[in-house]
Amino acid sequence: MPASGASDTDGPSEVGIDVGGTFTDFVVATGAGLEVRKVPTTDPQHEAVGTGLGRLDVPPAAPIAHGTTTATNALLERQGAKAALVTTEGFADVLAIGRQDRPDLYDLTPTRPDPLVPAARRHEVPERISAEGDILTPLDEAAVRRVARVLEEQNVQSVALAFLFSYRNPEHEKRAAELLRDELPEEIPVTRSSALLPEHREYERVATTVANAYVRPRVERYLTRLGGELGERPVRVMQSSGGTIGPGPAGKQAARLALSGPAGGVVGALGVARRALGEAPRVMTLDMAPEAARSAVGRLGETLGRSLEETALGVLRVANATMERALRRVSVERGHDPRDYTLVPFGGAGPLHAAALAEALGMPRVLVPPAPGALSALGLLMADVTHDASRALLTSVGTLQGDPASIQRAASALAEDVESALEGHGTPEVTFELDLRYAGQSYEVTVPLASPVTASALGGAAEAFHDRHRRRYGHAAPEAPVEAVALRARGTVPVSPPPLPQEPETDLPLRDAEIGTRPVWFSPGGPAETTAYARTALHHGHTLEGPAVLHQYDTTIVVPPGWRARVDAYRNVWIER
């Protein structure tokens, strides 16, 4: 679906590639605008990438921004590596015990998913670091070597290494990793918790390390095959955080790719909304895809004694109610009023449901981008190159204010880690944040921390914490001591977003876009005669009244009765009451 109109700027071709469950989406950004293509996703997935690139007219060295479901699928389908956990003696069951959270408080027989690593592959070695980072029990190196031999006998493919309090002192983990690498075959990776997530809370750190070990071989294998498919093209991979990174770090910290595809859609929605609404838009996003279900709905209707249309409408209402609850969970339950927001749907099916959901939530408008079915691929081209690092602190802000040099040293070390990870992508801008809480709390609030870190900067962070705590939870206690839980650093290498075409207001009549009428069910009362439009024939300035259905290459947009649609200069479709 080539885009038309004049672009903001000219620039080299860059390709955003998002691998989905059914289709792999391609968006090419050039000085002339955007081009969208879809090809069926293959198994293995990298073959679809090669097929799609072969159909696009882009230079052989065009950069690639890539989103992949490899880590997501491995976790959801339980098809990751045969992984093992090596941990401190006495703590092998942390992964199974978890936090004792129960989705249903009164269920007397709760069930939980099996851990990614079963008990037989969870191994202990004698060692102990104190909560202050002191060595209480030296690492038993002979025990580590014995465990390595057992791991070989178990034919493990990946190892997670997580010792108690290693975020305070990683010495034992580093040495154990060296021993395991010496004893195990070279192709078996070792993920060290103190390198991946050096933060407190034992279960979360162990679970994240295990998840990384579980998906790492599959992700690294995919990225290696992808590199062979792409040749010399430079590649950056989308992370769950909404930033991209090179294939090397992406493979080693594969758990950071768990939401790679959806993150691209959120970045794309924000980029589109900024152009349409300004630099700080108040938007909520909705992603929905993969399928045709006519025959399945027909069989269900026969069972219920309902017509195909009545059954489909019932299914639609149940689906909308489920999505409405999800949107309320991320808005109302967090103190945000949906009526102040614009809904930005993406995915192949998002625009089908958007207006109905906006009406249920009292939202006044919906913004549908030009290519919502490929918005994740467009978002990949908008995502900066980023890397995140963290370090546990677990001390009072007052103590840090008395010795700001100590936290400045920690900030400098994190900055070096970030700059090393982003080497080859440009010089990053490094920003810092603090996780703060009132002493005795079990949850934190993240606030910005100015650099260089001084007593004044720490005081400003504490004030920001009180203010954010009040806005989020309705109360604050400025007189209470504040604890610094973790220091966070993010390195960012900005990426110039692709030019989005603008067009002048059209003088073409709206009827040129009409492709007929059809009966459409919007309520149990029966069908309404509805005009269908070809979206590619709709241009800036066109306005139409609902009910209407807009058809395009990658999605279908529904404008219910009582709503109207208009097209802006960026070819966005606004659906408004």
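The structure presented is a predicted model; accordingly, all values stated were derived computationally and were not measured.

What counts and what doesn't
Residues numbered from 1 in each chain as written. Predicted model: local features only at pLDDT ≥ 70, side-chain atom pairs only at ≥ 80, totals over all residues. Heavy atoms only, no water. Helix = DSSP H or I, 4+ residues; strand = E, 2+ residues; numbered from the N terminus. Rg over C-alpha atoms; globule rule 2.2 N^0.38 Å. Buried < 20%, exposed > 50% of the residue type's maximum accessible area, 1.4 Å probe, protein only. Areas by Shrake-Rupley, 256 points an atom, 1.4 Å probe, with all protein chains shown as cover. Lys, Arg positive; Asp, Glu negative; His and termini not counted. Charge placed at Lys NZ, Arg CZ, Asp CG, Glu CD. Core = buried A, V, L, I, M, F, W, Y, C linked by side-chain atoms within 4.5 Å. Contact = heavy atoms within 4.5 Å. Expected span 1.5 Å × (residues − 1). Phe/Tyr/Trp six-rings, centres within 6.5 Å; stacked < 30°, edge-to-face > 60°. Pairing = 2+ DSSP bridges. Axes fitted to C-alpha atoms, helices over the stretch in contact; angles between N-to-C directions. pLDDT = per-residue confidence, 0-100. UniProt positions renumbered as here; feature names shortened; annotations may be inferred. Parallel < 35°, antiparallel > 145°, perpendicular 65-115°, else oblique. Left-handed = near helix turned anticlockwise from the far one by under 90°. Nonpolar A, V, L, I, M, F, W, Y, C, P; charged D, E, K, R; others polar. Salt bridge = Lys/Arg side-chain N within 4 Å of Asp/Glu carboxyl O. Patch = residues over 30% accessible without salt bridge, like charges linked within 9 Å, V, L, I, M, F, W, Y side chains within 5 Å. 1 Å grid on protein atoms, 1.4 Å probe; cavity = no way out; pocket = protein on both sides within 12 Å on 5 of 7 lines; lining within 4 Å. Points joined across faces, edges and corners; volume = space filled by probe spheres on them.

A.B. asks: Break down the overall build of the protein for me, citing the residues and quoting the values.
C.D. replies: In terms of regular secondary structure, the protein is built from 16 helices and 26 strands. Taken against the 2.2 N^0.38 rule, which gives 25 Å for 577 residues, the C-alpha radius of gyration of the protein at 26 Å falls within 12% of a compact globule. Summarising its shape, the C-alpha atoms of the protein cover approximately 80 × 60 × 55 Å along the three principal directions. Within the protein, the proportion of its 577 residues that are buried is 50%. Only carbon and sulfur atoms are counted for the fraction: they give 51% of the accessible area of the protein, which is about 26700 Å². Counting 58 positive and 73 negative side-chain charges, the protein places the averaged centre of each group 3 Å from the other.

A.B. asks: Could you give an account of the nonpolar core, naming the residues involved and the relevant values?
C.D. replies: Grouped together as the largest cluster of nonpolar side chains are 72 residues, with contacts concentrated most on Val15, Ile407, Leu434, Leu436, Leu449 and Leu487. For this core, the leading source of residues is helix H7 (residues 202-230), giving eleven residues. Setting aside its immediate chain neighbours within four residues, Leu487 contacts Ala389, Ser390, Arg391, Leu393, Ile407, Ala410, Ala411, Leu414, Phe432, Glu433, Leu434 and Leu449.

A.B. asks: Break down helix H16 (residues 455-473) for me, with residues and values.
C.D. replies: Spanning 19 residues, H16 covers 27 Å between terminal C-alpha atoms, matching the ideal 27 Å at 1.5 Å per step. Buried residues of H16: Ala457, Leu458, Gly459, Ala461, Ala462, Phe465, His466 and His469, and no others. Just past H16, the residue Gly474 takes up positive phi, approximately 85°.

A.B. asks: Hey, could you go over the packing of aromatic side chains for me, with residue numbers and the actual values?
C.D. replies: Pairs of aromatic rings are described using the distance from one ring centre to the other and the angle between the two planes. Throughout the structure, instances matching the rule amount to three aromatic pairs. With 5.2 Å between their ring centres and 55° between their planes, Tyr443 and Tyr473 make a pair best called tilted. With Tyr443 in the loop between strand S17 (429-438) and strand S18 (445-449) and Tyr473 in helix H16, the pair connects residues that are 30 residues apart, well separated along the chain. According to the relative accessible area criterion, Tyr443 is partly exposed, its value standing at 33%. You can call Tyr473 partly exposed: its relative accessible area is 36%.

A.B. asks: Pulling in residues and values, what's your account of the sheet that holds strand S23 (residues 548-551)?
C.D. replies: Read from one edge to the other, the open sheet built from four strands follows the order S20-S21-S23-S24, with strand pairing classed as mixed. Here the strands that pair on one side only, and so sit at the sheet edges, are strand S20 (514-523) and strand S24 (556-559). Here the strands of the sheet are splayed against their neighbours by 30° on average, with no regard to which way each runs. As paired strands, S20 and strand S21 (residues 526-534) are joined by eight bridges and run antiparallel to one another.

A.B. asks: Describe the confidence of the model for the protein, naming the residues involved and giving the relevant values.
C.D. replies: Of all residues in the protein, 96% attain a pLDDT of 70 or more, and the chain-wide mean is 90. A low-confidence stretch, residues 1-11 (pLDDT under 50), is modelled with 36 contacts involving residues beyond four sequence positions or located in other chains.

A.B. asks: Quick one: what's the story with the side chain of His466, residue by residue and with numbers?
C.D. replies: Along the chain, the position of His466 falls in helix H16. Given the relative accessible area of 11%, His466 is considered buried. Those residues in contact with His466 that sit more than four places away from it in its chain are Tyr438, Ala476, Ala477, Pro478, Ala480 and Val482.

A.B. asks: Tell me what's going on with the UniProt feature "domain: Acetophenone carboxylase-like C-terminal" (unreviewed entry) in the protein, and back it up with residues and numbers.
C.D. replies: According to UniProt, the positions carrying the feature "domain: Acetophenone carboxylase-like C-terminal" (unreviewed entry) are residues 406-571. Along residues 406-571 the backbone is 21% helical and 37% strand, and the end-to-end C-alpha distance reaches 52 Å.

A.B. asks: Tell me what's going on with the packing of helix H1 (residues 46-54) against H7, and back it up with residues and numbers.
C.D. replies: The N-to-C vectors of H1 and H7 enclose an angle of 20°; their axes lie 9 Å apart at closest approach. Here H1 is positioned roughly parallel relative to H7, judged by the angle of their axes. The two elements H1 and H7 cross, and the hand of that crossing is right-handed. Between H1 and H7, the residues in contact are His46, Glu47, Val49, Gly50 and Leu53 and Tyr222, Arg225, Leu226, Glu229 and Leu230, respectively. For the contact of H1 with H7, a count of residues per class yields five nonpolar, two polar and three charged.

A.B. asks: For the UniProt feature "domain: Hydantoinase A/oxoprolinase" (unreviewed entry) in the protein, give the residues involved together with the corresponding values.
C.D. replies: UniProt annotation of "domain: Hydantoinase A/oxoprolinase" (unreviewed entry) refers to residues 205-275 and 289-388 when read in the numbering used here. Within the segment residues 205-275, helix and strand shares are 68% and 8% respectively, and the terminal C-alpha atoms sit 39 Å apart.

A.B. asks: Could you give an account of the pattern of salt bridges, naming the residues involved and the relevant values?
C.D. replies: For the structure shown, the criterion picks out 24 salt bridges. In this structure, Arg175 and Glu141 form a salt bridge, with 3.0 Å as the shortest nitrogen-oxygen distance. Separated by 34 residues along the polypeptide, Arg175 in helix H5 (residues 171-183) and Glu141 in helix H4 (residues 141-153) bring together distant segments of the chain. Note that Asp467 is salt-bridged to Arg471, the shortest N-O span being 3.1 Å. Placement of the pair is Asp467 and Arg471 together in helix H16, with a separation of four residues, close to one helical turn.

A.B. asks: Give a detailed account of helix H13 (residues 375-382), specifying residues and quantitative values.
C.D. replies: Judged by how many residues are buried, H13 sits mostly within the fold: eight of eight residues are covered. The set of residues buried in H13 consists of Leu375, Ser376, Ala377, Leu378, Gly379, Leu380, Leu381 and Met382.

A.B. asks: For a nonpolar patch on the surface, give the residues involved together with the corresponding values.
C.D. replies: Together, Leu300, Leu304 and Val315 line one region of the surface with nonpolar side chains, adding up to about 250 Å² of accessible area. Tracing the backbone shows Leu300 in helix H10 (residues 294-304). Of the residues examined, Leu300 reaches a relative accessible area of 37% and is grouped as partly exposed.

A.B. asks: Lay out empty space enclosed by the protein with the relevant residues and their values.
C.D. replies: Its boundaries defined by the atoms lining it, the largest cavity holds a volume of some 40 Å³. What lines the largest cavity is simply Gln239, Ile245, Pro249, Ala250, Gln253, Arg256, Leu257 and His387. Among the residues making up the lining of the largest cavity, the classes are represented as four nonpolar, three polar and one charged.

A.B. asks: Explain the environment of Glu232 to me, and be specific about the residues and the numbers.
C.D. replies: By secondary structure assignment, the location of Glu232 is in the loop between H7 and strand S11 (235-238). Judged by relative accessible area, which is 78%, Glu232 ranks as exposed.

A.B. asks: How would you summarise the sheet that holds strand S5 (residues 83-88) if you had to cite specific residues and measurements?
C.D. replies: Read across the open sheet, the four strands follow the order S6-S5-S9-S10; overall the sheet is parallel. A strand with exactly one partner marks an edge of an open sheet, and here the two such strands are strand S6 (122-125) and strand S10 (190-192). Averaged over all neighbouring strand pairs, the angle between strand axes comes to 25°, with direction disregarded. As paired strands, S5 and strand S9 (residues 158-162) are joined by five bridges and run parallel to one another.

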